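Chain by chain, the residues run as shown.
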Amino acid sequence: MTRVTSAEKIAAARAEGRSALIGYLPAGFPDVPTSIEAAVALAENGVDIIEIGIPYSDPVMDGQVIQEATVQSLANGFKVPQIFDIVRGITERTDVAVMVMTYWNPVLRLGVDEFSRRFSEAGGAGLITPDLVPEEAGEWIEASTKYDLERVFLIAPSSTEQRVQRTVDASSGFIYCVSLMGVTGARSEVSSAAEAVVAAAHSAGAVNACVGLGVSRREHVEEIGAYADGVIVGTALVAALRDGGVPAVGRLAAELSGRA
């Protein structure tokens, strides 16, 4: 098993003249084996980087579709240590970079060093941490450096120039550019603020700035790909998994990547 980073996958996509496609799925939805198969289907249909979300009982960023999926995962008995089995199950069968998106409390509960070590051993590339800011991330910065993991922090349309700079300086892999103020969810149009957020990240020195929230169709991927280094799709993929299982996830990934 060779650990692949998101930075490497974004660079490879850039060399092909395109932005990287990043797909999100919740861990353990609808169950652990199916969540692994769904992620493999993403990799087989043109997704470069996979985000696996750790279910959380009190999410602050997730919209209804993802919340309902994570509630089901928790009701089925998902436990945080299972994330390492899921990551390993994906990295052993694909050549994608596997990121975990998580609120910070589950990592704290397990132990930042232990979580980082086990995640690295499973082949994980790094963490996306929506509710952790660089000023409070000392323990994570130390552990991620120790285990060579990428740190992805978020910026939003409301982020000040100073905040953007601080976030870029603390991040590695890519900057997660939230394209709108609100929770996740597929939308018919991409927020006009997205391009400005990406421009702010690039101006602060970010090599890779990726856009998430609201992407659901191939035209969105193409529109955002004109200025962003990566395009993140979540809710639309989770809905596909909910409604049509693994085959539907593969079909949507192929459409989003332009392979269909």
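Up top you'll find the structure we're talking about.
A quick note: this is a predicted structure, and the numbers were derived from the prediction, not measured.

Rules used in this analysis
- Each chain has its residues counted from 1, running along the sequence as written.
- Selection of residues for local features in this predicted model requires a pLDDT of at least 70, selection of side-chain atom pairs for listing and counting requires 80 or more, and totals for whole chains, interfaces and linings are taken over all residues.
- Where side-chain values are given, they derive from all heavy atoms of the structure, hydrogens and water being excluded.
- Counting from the N terminus, the helices are the DSSP runs of H or I reaching at least four residues and the strands are the DSSP runs of E reaching at least two.
- Only heavy atoms matter for contacts: two residues are in contact if any of them lie within 4.5 Å across the pair.
- Accessibility here uses a 1.4 Å probe with only protein chains present; expressed as a share of the type maximum, an area under 20% marks a residue as buried, one over 50% as exposed, and anything in between as partly exposed.
- Working note: the arc is built from the helix axis to C-beta atom directions.
- All axes are obtained by fitting lines to C-alpha atoms, using only the stretch in contact for helices, and the reported angles, taken between N-to-C directions, cover 0 to 180 degrees.
- For this classification, under 35 degrees means roughly parallel, over 145 means roughly antiparallel, 65 to 115 means roughly perpendicular, and everything else is oblique.
- Whether a crossing is left-handed or right-handed is set by the direction in which the near helix is turned from the far one by less than a right angle, anticlockwise for left-handed and clockwise for right-handed.

(A) Representation of the environment of V32. Structurally, V32 can be placed in helix α2 (residues 32-44). In the structure, V32 is positioned 44 residues away from N76 in sequence and 9.5 Å away in space, judged by C-alpha atoms. Once residues within four sequence positions are removed from consideration, V32 is found in contact with F78, Q82 and I86.

(B) Representation of helix α6 (residues 112-121) within the structure. Taken together, the buried positions of α6 are occupied by V112, F115, S116, F119 and S120. Looking straight down α6, one finds its buried side chains confined to an arc of 125 degrees; they lie on one side. Contact partners of the buried residues in α6: α4 (82-91), β3 (97-101), α5 (104-110), β4 (126-128) and α7 (138-146). The positive-phi residue at the C-terminal boundary of α6 is G123, with phi of around 95 degrees.

(C) How the structure looks around the packing of helix α3 (residues 64-75) against helix α11 (residues 235-257). Following both chains from N to C, one finds α3 and α11 inclined at 50 degrees, their axes separated by 9 Å at the closest point. When the axis of α3 is compared with that of α11, the two are oblique. You can see that α3 and α11 cross each other, and the crossing is left-handed. Seen from α3, the contacting residues are V65, I66 and A69; seen from α11, they are T235, V238, A239 and R242.

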